[in-house]
Amino acid sequence: MPQSLIVGRAVTAGSRVYAETYGKRGPTDNSDLVEIIAIADHPCEGLVKVFVEEAAATLEGTGATQTVAGYDDKLSIRFLAGNQTQADSYTVDKLFGHSRRPWTDDMVGRGIAYARAHYVYDAEKIYGPLPWRFVVDGAKLYDPRKDSTVAGGSGSHRWNDLSTHEWSANLAVIAYNILRGIRVADADGIPRHFYGIEGTPASALPLDNWFAAMNEADLEIDGEPQFHGGAEIGVNVEPHETLQSLLRACGGRLVENGGVWKIYMGPPGLPVASITDGDLRADQEDVFRPILPLEQRVNYLTAQFTDSRTWLPRVAPPRRDEAAEARDGRRISADLDVPWVQSVSHVQRLQKQLLARSRQERRHTIPLGPEHWGLEPGDVIAWTSAANGYDNKHFEIEAVEDDHDFNITVSVIEVDPDDYEWDAETDFVEVPVIVPTTDFPAAQEVPDFAVEGAVIATGPGGRRAAIYATWTDPENADLESVIMEVRPFDEPDNIWEVRSDDPPSQGRMITAGIEALTTYQVRAYFYSRNGYAVEKTGWISVLTPEAGIDIVDLSDTLQARNKQLDIASGASLARGLLAAEGRLDQLSITLLEMLGTLDAQDQAYQQVTGAVIDSNLIEVKAEAISRAKALQLLVAEVDDDVNALAQAFTAVFAQSEHGDAAALFRLIAQATPSEVLARIALEVKSESSEFGANSAGLYLDVYEEIGTVAQIIAERFLVSQPDAEGGDPKPAFGVSNVNGTPTITLLAELVADNLIKARMIEAYAITSDKINAQAVTADKVAAGAITAGKLAARAVSADKIAARTITVDEIKVGTLPDPGSSSGSFEARSSTYETVASVTVDIDSSVRGLLLTAQTVGTVYWNNPGSDPVGRGRARARLVVGGTGEVFELLTDGQSDGSFVTLPLLRMLTGGQIPTAGSRTVTLQVSCPPSGGAPNGTWRYQGSGYLGVLVNRA
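Residues numbered from 1 in each chain as written. Predicted model: local features only at pLDDT ≥ 70, side-chain atom pairs only at ≥ 80, totals over all residues. Heavy atoms only, no water.

- The name given to the chain in an unreviewed UniProt entry is Fibronectin type-III domain-containing protein, with Methyloligella halotolerans as the source organism.

Following this line, the structure appears as structure tokens:
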């Protein structure tokens, strides 16, 4: 890319020369971006205006770095005019030690005007480098009118002293400097040629001519200078091309005659000579061209210029000569491209002048004698001619030909000062400001977004906590996904995303990272296919429910499987199940033994109560034996089918003075290649009821995935120990609420005193809602039983603990943190961090938190004896965990020589902030970055520091 020169006032996008990221804000790595944009390869007067994303930026603040409004303090800009002698301190501070592309102290950009942009990542507003445009007042130029050492000049300007030059947008002044050569100072302050015609002497540009042109350009019309402007010029563009573009912007004429340059702009000057027909030589005729060919005429002129209201190219209202169009018989148009022009009034005045001038068609070639030898191109003469009907008519000389005998022949074209008349009230056409905008759809928010705690099944009886999110379909094809952000309520910076492409009617179950009995916050926003604006919902809090094995769910699963087995009772058994015959023989024997036991119990009952029971035990035994044999026969008959089910039924009857009773006993044996590999079930019911809901049973299952399962189904489950005191039958289970949901639970009355030990309690299992008020008393707590790892956050509050309950004996030794500390002296010499002290910590699963405490004490002093302090010194300290993660940083304001500085640092790390398992080093570091233009290393911070680390373990 060629070097760039800006003259006058101009707009440029610049060129990126550096961009690098650094830092971490919350969960976002590389959250900050610094971009260096070169604006001009020479010093400039200053920054006038900034556009970002094609919109005029409002800069806030009075310092060197200013914040761009509308970006939530996440976008800032600093302009360096090119006369800087030190590297940008912010970029050096943040990127000096960057591993890929460091920005060092020697990257000053001397003699280069540039901008430093700083971005903080924002998913909605700042997703990367943004497009910029800068309006800049460019190079400082020499104006001979302000030089008192030249004829007619007055002022301090000197050609060879660049420090006396000033910025100017005067097009004649710019042209003068290009013709003489624009220079910039090198590192030693010596002027060096940069652009234009090098070495042109001052005598080649007559000051009377150039002064007149410069004054004409400054003439005020419509409240603005007549011919001011500017442009960005690539130094690879030839100077004559640049001058041609400049002359179009002022309707100027540049004439070179024998190495002498003259410029004419604005209306024609006063005549320098008057002639009559008698001044024409008789030996040569006057050549007259009264009418231009049609292809050379113009009656309709359009123009494109730079509108300084938006600093974008703009098409001016067309200018039309209706009378000329009627004479020509058609519209003959031309287009004027004048990017140097920046005013609506300027471009319209220029259109009017050029269109009128183009209709001046009379041209003559006139032979004149020696008395007119001094005429030059650009001069105006007055001609009175009876032959042509002229009365003091003005003509401008376009060319002069030497006839080598002191005679000359001049080519002239008619001019009229009236062509340059301008009446703003009648000639000016109002041009509205057009700010380029794109009407994008309004920011879309996820409608009706809601979340609730949920539990999902993970297998037979298994459950886990989740969050169920719902929303309404916006019926917008651009919004193809919903992105949900999730964070724990007590960790606002720990945010992760969950993306859903599912239809809104299905909602979304969020399971990643979700724990039971934990409060989370969730918000959502759409993903726009076309990058249109979206708006995040507010954070919604949700508490996840208890999760675990659900006895009711497990029972339902088993009952459903039992029904499937009932349905499959007619199926046959695979060959491999023939071995079940032996098991059925054993079952028959077991049934007979059970019936014998029942007989003995029946007789004992009659002896105690005196009841008369008429038992059909013999028939029962016979029935059981016959059923068992029938089972054996059924299994024996099974051959190739894949499933088998056998059932045996036994009826039992009893009679007493209280009435008659009958019960039916069912024995099931099943084998299947499905989820349940094998099942044995015993069921009993009354004679009048149905098997299933009104029966009691024992189910023994073998599952392919989870192994063996035993299930007891009954309306009440009693446990007794008849031979022991207090061993009367008691219910063991009941239905109670768990997290507000009814489920089968163990009754609290069955838990013996001092039965629950510390090793039996899962970490964080005891939560506030599990403890009744005043439930925790001294006799309930075994010595050393309760440790920090057993209690969920805020589980035990004052109302849960009975008065004078927890004593020292009840607190387990070892729950307090183990300390580590280190100290050292230091002398920080620059912005580079130096280590003062470090402590190594062994991190494992028992670590619940780290408390980091440190302090540095020392003196900031100027380390350049013999010279006065420059700027201010600053003391900085930080804590680093694991060698890479910056934890906490503290920086003082600028300190004078001999200042005493103390920097205390304190940081608690919990949850996700705790480093990963292993041996981790905590380091205390200090640095001393200078400020106020002081070189790196001239300020020092010397003293000592202390670092302490407390580890809280379970």
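Moving on, there is more to tell.
Focus: the overall build of the chain
Here's step 1: Of regular secondary structure, the chain possesses 10 helices and 57 strands.
Here's step 2: For the chain, the proportion of its 954 residues judged to be buried stands at 41%.
Here's step 3: When contacts within the chain are restricted to residue pairs at least 6 apart in sequence, long-range pairs at least 24 apart make up 69% of them.
Here's step 4: Carbon and sulfur atoms provide 51% of the accessible area of the chain, an area that totals close to 49500 Å². (Helix = DSSP H or I, 4+ residues; strand = E, 2+ residues; numbered from the N terminus. Buried < 20%, exposed > 50% of the residue type's maximum accessible area, 1.4 Å probe, protein only. Contact = heavy atoms within 4.5 Å. Areas by Shrake-Rupley, 256 points an atom, 1.4 Å probe, with all protein chains shown as cover.)

A look at the sheet that holds strand 3 (residues 28–40)
Here's step 1: One open sheet accounts for 6 strands, arranged 2-3-9-8-7-6; its pairing is antiparallel. Two strands lie at the open edges of the sheet, namely strand 2 (15–25) and strand 6 (59–60), each paired on one side alone.
Here's step 2: In terms of strand pairing, strand 2 meets strand 3 through 9 bridges, oriented antiparallel. From the neighbouring strand, Lys-24 faces strand 3, where its bridge partner is Asp-29. (Pairing = 2+ DSSP bridges.)

Describing helix 4 (residues 239–248)
Here's step 1: Every buried residue of helix 4 is listed here: Pro-239, Thr-242, Leu-243, Ser-245, Leu-246 and Leu-247.
Here's step 2: Each element contacted by the buried residues of helix 4 is listed here: helix 2 (171–180), strand 14 (191–195), strand 17 (230–234), strand 18 (253–257) and strand 19 (260–264).

Re the sheet that holds strand 5 (residues 55–56)
Here's step 1: The 5 strands are arranged 5-4-10-1-17 in an open sheet whose pairing can be described as antiparallel. Strands with a single pairing partner mark the edges of an open sheet, and in this sheet they are strand 5 and strand 17.
Here's step 2: For strand 1 (residues 4–12) and strand 17, the ladder comprises 5 bridges, and the chain directions are antiparallel. If you follow Leu-5 over to strand 17, its bridge partner there is Ile-233.

Remarks on the nonpolar core
Here's step 1: If you look at the biggest cluster of nonpolar residues, it comprises 48 residues, and the most contacted ones within it are Leu-5, Leu-171, Ile-174, Trp-210, Met-265 and Trp-340.
Here's step 2: Tallying contributions element by element places helix 2 first for this core, with 8 residues.
Here's step 3: Counting contributing residues per domain, this core is built from domain 2 (139–251) and domain 3 (273–427), each supplying no fewer than three.
Here's step 4: Apart from residues lying up to four places away in sequence, Met-265 is in contact with Ala-172, Ala-213, Glu-216, Ala-217, Phe-227, Cys-250, Gly-252 and Arg-253.
Here's step 5: Residues Ala-837, Ile-843, Leu-905 and Ala-934 belong to the second largest nonpolar core, which totals 33 residues. (Core = buried A, V, L, I, M, F, W, Y, C linked by side-chain atoms within 4.5 Å. Domains from an automatic or database assignment.)

Observations concerning the packing of helix 2 against helix 3 (residues 207–218)
Here's step 1: Following both chains from N to C, one finds helix 2 and helix 3 inclined at 140°, their axes separated by 8 Å at the closest point. Between helix 2 and helix 3, the residues in contact are Ala-172, Val-173, Ala-175, Tyr-176 and Leu-179 and Leu-207, Trp-210, Ala-213 and Met-214, respectively.
Here's step 2: For the contact of helix 2 with helix 3, the residue count by class is 9 nonpolar, no polar and no charged. (Axes fitted to C-alpha atoms, helices over the stretch in contact; angles between N-to-C directions. Nonpolar A, V, L, I, M, F, W, Y, C, P; charged D, E, K, R; others polar.)

A word on the packing of helix 2 against helix 4
Here's step 1: It is at 11 Å that the axes of helix 2 and helix 4 come closest, and there the two elements cross at 170°. What the angle tells us is that helix 2 and helix 4 run roughly antiparallel. Only Pro-239, Thr-242, Leu-243 and Leu-246 of helix 4 make contact with helix 2, whose side of the interface consists of Leu-171, Ile-174, Ala-175, Ile-178 and Leu-179.
Here's step 2: Looking at the contact of helix 2 with helix 4 residue by residue, the class counts come to 8 nonpolar, 1 polar and no charged. (Parallel < 35°, antiparallel > 145°, perpendicular 65-115°, else oblique.)

Quick word on the packing of aromatic side chains
Here's step 1: Scanning all chains against the criterion turns up 13 aromatic pairs.
Here's step 2: Taken together, the ring pairs connect Tyr-142, Trp-159, Tyr-176 and Trp-210 into an aromatic cluster.
Here's step 3: Positioned above the aromatic ring of Trp-159, the side-chain terminus of Arg-180 is 3.9 Å from the ring centre.
Here's step 4: The aromatic ring of Tyr-300 is capped on one face by Arg-331, whose charged end is 4.0 Å from the ring centroid. (Phe/Tyr/Trp six-rings, centres within 6.5 Å; stacked < 30°, edge-to-face > 60°. Lys NZ or Arg CZ within 6 Å of the ring centre and 35° of its normal.)

Section: empty space enclosed by the protein
Here's step 1: Counted under the stated rule, the structure contains 1 cavity of 30 Å³ or more.
Here's step 2: Its volume calculated, the largest cavity comes out at about 50 Å³.
Here's step 3: What lines the largest cavity is simply Lys-140, Leu-141, Trp-159, Leu-162, His-165, Asn-177, Gly-181, Ile-182 and Arg-183.
Here's step 4: Secondary structure elements with two or more residues in the lining of the largest cavity: strand 11 (140–141) and strand 13 (182–185).
Here's step 5: Of the residues that constitute the lining of the largest cavity, the class distribution is 4 nonpolar, 3 polar and 2 charged. (1 Å grid on protein atoms, 1.4 Å probe; cavity = no way out; pocket = protein on both sides within 12 Å on 5 of 7 lines; lining within 4 Å. Points joined across faces, edges and corners; volume = space filled by probe spheres on them.)

Brief notes about the pairing of strand 1
Here's step 1: The element strand 1 is extensively covered by neighbouring structure, given that 7 of its 9 residues are classed as buried.
Here's step 2: Across 4 bridges, strand 1 lies against strand 10 (residues 132–137) in antiparallel orientation. Residue Thr-12 lies in a different strand from strand 10, and its bridge partner there is Phe-134.

Some details on helix 3
Here's step 1: Helix length check: helix 3, at 12 residues, gives a terminal C-alpha distance of 16 Å against a target of 16 Å (1.5 Å per residue), a fit within 8%.
Here's step 2: Every buried residue of helix 3 is listed here: Asn-209, Trp-210, Phe-211, Ala-213, Met-214 and Ala-217. (Expected span 1.5 Å × (residues − 1).)

A short note on the pairing of strand 14
Along any regular strand the residues' side chains alternate between the sheet's two faces.
Here's step 1: Relative to strand 14, strand 13 runs antiparallel, the two sharing 4 bridges. Across the sheet, Val-184 pairs through a bridge with Arg-192, a residue of strand 14.

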